[in-house]
Amino acid sequence: MPEGEDPGHQPGAAGIVGESLCVIPPLGLPPADVTADRAPDYPAVRLLIERGEAVSAGWKVDESNVRAVVEIVRRLDGLPLAIELAAARLRVLPVAEIAARLGDRFRLLTGGNRAAMPRHRTLRAVVEWSWDLLSPAERLLAERLSVFPAGVTDQTAVAVCADDRLSAEEIPDLLLTLVDKSLLQVVPSATLRYRMLETIREYGVERLAERREVVAARTAHGRYFADLAVRLEPALRSRDQLRAMAVITDEQDNMAAALRFLGESGDLERAVEMALAQIWHWSATGRDSEVVAWMEFLLGLPGGAEHRWAPLMKASRVRSELSTGRGEGPTEGSERQREMRAIGDELEAMTSPSPFDALELAAPLLFFFSGDHKRAAAWTDALIDSPAPWIRATVRTMRAAFAENVGDVDSMRREVELALADFDEIGDRWGLATALDARGWIRTIDGDTQGAIEDYQRAIGYFTALGGQEDNLMAHMRLSGLYSRIGDLDAARRSLAMARDGGDCGPHMAVRELILDGVDAVLHEREGDIAGARARAAALRQQVRAREPSHWMRSHLAALTLSSTAGIALRTGDVDQAAADLVEVYPVVREIQDMPIVALVGISVAGLAAVRGHHWEAATIVGAAARLRGGDDFADPAVAWVIEKIDASGFAEFEPAYAQGKVLPIEACLAVMDPTPFV
């Protein structure tokens, strides 16, 4: 052995002659969105900066290059030698160009310290030298493991890698040997799990390619994870769902790689089934953008648009587009509405049964969102007799949502209680959380504030366990409003903060932030900060007007926001501003079909009428708002403020005027809420 060489040398060891040898683990990596001022706090970036300054005077990390710097250290796994070699390239290449070329990192990262042994001068040489030290069985397993982007467990390694050349019995011990030789790392997980650094994984794939075994390895990998997705799908809607979700979380990168390979290699049947098996999980955990991306991928493959389950893929794609706020809304006569109804026709004509229970709900959801409530009701009426308990329970939550939309709280109450009982027996936490969230709203308008708080707290516990960020965010927001009702403004602030800190729920986050800003503005008013409330209301007006007109939720956002800003203006004495807000938003109210939101606008119009001295009309509008939401909701501070204004005027006929409004047909309710007479 040449002097200075050590058979225990591994990737990451400095190995410079004259120094003591020790294994240097990967350096700490920054998050992908780190800012330029925080990036140097991370060891991997700090090493790149130090070596970059040494070869290129004046080089530094700033906002113009931080994304490229972060990409480099992350794609190089924080390996010190790899980072040093990348820094050496700064003599001749801009940092953005280095990042762009890392797809072929072994060719790029040549050169470096001339004092080093030849094997230390290139990243490839370091990995090759370590690879050559492996036994044939270790080498074969390492190469096959290179097709696992999310790492492996003993079970997955055996299932994918074992054959007549590599026995299942020897794989667990070989995995430990590869850890000992630094080709694998043990990663934190509920079960023993191993990960291969990206740099080493890329080399392993190259070795497989040299022997023309990449396709075979990826096929075995793809089929295993496709089968796993299908096996786990029923468990995702059962008492065992947290275990199933934990497996999917650990394997999500493996599943994504498997799905893409299956689709691109022509195994359309298996790819479609695998993707459909994951739709419920993606939707339930707020990952609708993944549904859109994968459905578009599959439908765009040869034969995808003609597949027997293509209507399910189309329906899942368009529903998830709506959930992410993407594209045109299904307004009356719109292209989106026509598209949704056409897909609904395809679903009704589909001869192959849905492969998974969750997909049975695609048709009623599609028809409801497209405005075809009659066909949506027909589907739910048929599915309520399904032999599958989960379908029956979920259909009840859908019926409850349909009933809420038209202010039919009695039907909503009945369906929610039945759904809760069913989901409790099934053990589905998502179903329990969804039903509790609905019952919390019912209890809110019934005046049972404490019961509503308890329901939302329980729902938050379930949503947290499932990882559903968007659902959790909304539950915290509603909880903040309930605490505000009982005067516990500190608790209201804490709930609002938890809603904001709940993580990014994707493309919908800007929408949610606008709603949360509205809650914040009202809280400032409740806290007596009039100037702060007015300033935030002014900012809200600007934000809602700046929303993209084509955003399908724009009407809902405008109604929610301007009813809130009008209420703040009224209660802080700026009546003209309140009138302007309501005149602006009233035409929008006529466009939306969500009656509880319309009721919010109605309460602000009632307040304007009361302040202007139109007390009979104000009381009638309060009654009409109760008719639309399906309950009195006298505990709502906004409702209570309007009634207090009417009573303070000495008006003695509130009850008959209120009763008159409460029995009006929906169209008449909308008519009496016109703010124009009170401007």
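Here is what the cut-offs are and how they apply
- Residues numbered from 1 in each chain as written.
- Predicted model: local features only at pLDDT ≥ 70, side-chain atom pairs only at ≥ 80, totals over all residues.
- Heavy atoms only, no water.
- Helix = DSSP H or I, 4+ residues; strand = E, 2+ residues; numbered from the N terminus.
- Buried < 20%, exposed > 50% of the residue type's maximum accessible area, 1.4 Å probe, protein only.
- Contact = heavy atoms within 4.5 Å.
- Areas by Shrake-Rupley, 256 points an atom, 1.4 Å probe, with all protein chains shown as cover.
- Expected span 1.5 Å × (residues − 1).
- Arc of directions from axis to C-beta.
- pLDDT = per-residue confidence, 0-100.
- Core = buried A, V, L, I, M, F, W, Y, C linked by side-chain atoms within 4.5 Å.
- Phe/Tyr/Trp six-rings, centres within 6.5 Å; stacked < 30°, edge-to-face > 60°.
- Axes fitted to C-alpha atoms, helices over the stretch in contact; angles between N-to-C directions.
- Parallel < 35°, antiparallel > 145°, perpendicular 65-115°, else oblique.
- Left-handed = near helix turned anticlockwise from the far one by under 90°.
- Salt bridge = Lys/Arg side-chain N within 4 Å of Asp/Glu carboxyl O.
- Patch = residues over 30% accessible without salt bridge, like charges linked within 9 Å, V, L, I, M, F, W, Y side chains within 5 Å.
- Polar contact = N/O pair within 3.5 Å; in protein donor to acceptor, adjacent residues only side chain to side chain.
- Nonpolar A, V, L, I, M, F, W, Y, C, P; charged D, E, K, R; others polar.

A. Just the overall build of the chain, in detail. Each helix and strand in the chain was counted, giving 33 helices and two strands. Counting the 679 residues in the chain, one finds 54% classified as buried. Within the chain, contacts between residues at least 6 apart in sequence are counted, and of these 65% link residues at least 24 apart. For the chain, the computed accessible surface area is about 28500 Å², with 52% contributed by carbon and sulfur atoms.

B. Examining helix 16 (residues 335-349) more closely. In a regular helix each residue adds 1.5 Å, so 15 residues correspond to 21 Å; helix 16 covers 21 Å between its end C-alpha atoms and thus fits that length. Taken together, the buried positions of helix 16 are Arg336, Gln337, Met340, Ile343, Gly344 and Leu347. Taken end-on, helix 16 shows its buried residues confined to a sector of 125°, consistent with a single buried face. For helix 16, the elements touching its buried residues are helix 15 (310-323) and helix 17 (362-369).

C. Molecular detail of helix 20 (residues 409-426). With 18 residues, helix 20 should cover 26 Å at 1.5 Å per step; its first-to-last C-alpha distance of 25 Å lies within 8% of that length. Of the positions making up helix 20, those classed as buried are Val409, Ser411, Met412, Glu415, Val416, Ala419, Leu420, Phe423 and Ile426. Viewed end-on, helix 20 has its buried residues packed into an arc of 160°, placing them on one side of the element. Relative to its buried face, helix 20 has exposed residues pointing more than 90 degrees away, namely Asp410 and Glu425. Buried residues in helix 20 make contact with helix 19 (389-405), helix 21 (429-446) and helix 30 (615-629). Following helix 20 by one or two positions, glycine 427 has its phi on the positive side, about 90°.

D. View of the confidence of the model for the chain. The pLDDT averaged across the chain works out to 87; a share of 89% of its residues lies at or above 70. Here residues 1-23 scores under 50 on pLDDT; set against residues more than four positions off or in separate chains, the count is 35 contacts. Counting interchain partners and residues more than four positions distant, the pLDDT-below-50 stretch residues 112-120 has 20 contacts.

E. Region of interest: the nonpolar core. Of all hydrophobic cores here, the largest spans 217 residues; its most connected members are Leu145, Leu276 and Met295. Residues within four places of leucine 145 in sequence aside, it is in contact with Val152, Ala157, Cys161, Leu175, Leu178, Leu184 and Met196.

F. Focus on the packing of aromatic side chains. Evaluated as defined, the whole model comprises 13 aromatic pairs. An angle of 15° between the planes, with centres 4.1 Å apart, marks the rings of phenylalanine 368 and phenylalanine 402 as stacked. Here phenylalanine 368, found in helix 17, pairs with phenylalanine 402, found in helix 19; they are 34 residues apart in sequence, far enough to count as distant. Take phenylalanine 368: its relative accessible area is 13%, and that puts it in the buried class.

G. The packing of helix 16 against helix 17, seen in detail. Across the interface, helix 16 lies against helix 17 with an axial gap of 9 Å and an inter-helix angle of 155°. The angle between the axes of helix 16 and helix 17 places the two elements in the roughly antiparallel class. Two packed elements cross with a definite hand, and for helix 16 against helix 17 that hand is left-handed. Here Met340, Ile343, Gly344, Asp345, Leu347 and Glu348 of helix 16 lie close against helix 17, whose contacting residues are Ala362, Ala363, Leu366, Phe367 and Phe369.

H. Quick peek at the pattern of salt bridges. Scanning the entire structure with this criterion turns up 52 salt bridges. Across the salt bridge formed by arginine 270 and aspartate 227, the nearest N and O atoms sit 3.6 Å from each other. Of the two residues, arginine 270 is situated in helix 13 (residues 268-284) and aspartate 227 in helix 11 (residues 214-232); the sequence distance between them amounts to 43 residues. For aspartate 227, a relative accessible area of 36% puts it in the partly exposed group. Salt-bridge contacts for arginine 590 lead to glutamate 667; the nearest nitrogen and oxygen are separated by 2.2 Å. Here glutamate 667 lies in helix 33 (residues 666-672) and arginine 590 lies in the loop between helix 28 (575-589) and helix 29 (595-611), a separation of 77 residues in the sequence. What makes arginine 590 partly exposed here is its relative accessible area of 34%.

I. Just a nonpolar patch on the surface, in detail. A cluster of nonpolar side chains, Leu176, Val186 and Leu192, forms an exposed patch at the surface whose accessible area comes to about 270 Å². As for its placement among the helices and strands, valine 186 is situated in strand 1 (residues 185-187). Of the residues examined, valine 186 reaches a relative accessible area of 48% and is grouped as partly exposed.

J. Main features of the side chain of threonine 620. Locating threonine 620 in the fold gives a position in helix 30. Within polar-contact distance, the side chain of threonine 620 engages the backbone oxygen of tryptophan 616 at 2.8 Å. Once residues lying within four places of it in the same chain are set aside, the contact partners of threonine 620 are Ala657, Tyr658, Gln660, Gly661 and Leu664.

K. View of the packing of helix 7 (residues 136-145) against helix 9 (residues 171-180). For the pair helix 7 and helix 9, the least separation of the axes is 10 Å and the interaxial angle reads 85°. For the element pair helix 7 / helix 9, the angle class is roughly perpendicular. In this structure, helix 7 contributes Ala137, Glu138, Leu141, Ala142 and Leu145 to the contact, and helix 9 contributes Ile171, Leu174, Leu175, Thr177 and Leu178. Here the residues of the contact of helix 7 with helix 9 sort into eight nonpolar, one polar and one charged.

L. Broad picture of the environment of glutamate 591. Along the polypeptide, glutamate 591 turns up in the loop between helix 28 and helix 29. Overall, glutamate 591 belongs to the exposed group, its relative accessible area being 53%. C-alpha separation for the pair glutamate 591 and histidine 556, spaced 35 residues apart in sequence, amounts to 9.2 Å.

M. Focus on the side chain of arginine 317. Secondary-structure assignment places arginine 317 in helix 15. Judged by relative accessible area, which is 13%, arginine 317 ranks as buried. Those residues within four positions of arginine 317 in sequence are excluded, and the remaining contacts are Val292, Met295, Glu296, Leu299, Glu339 and Ile343.

N. Inspection of unusual backbone geometry at higher detail. One non-glycine residue, arginine 212, lies in the positive phi region at around 55°. Locating arginine 212 in the fold gives a position in the loop between helix 10 (198-210) and helix 11.

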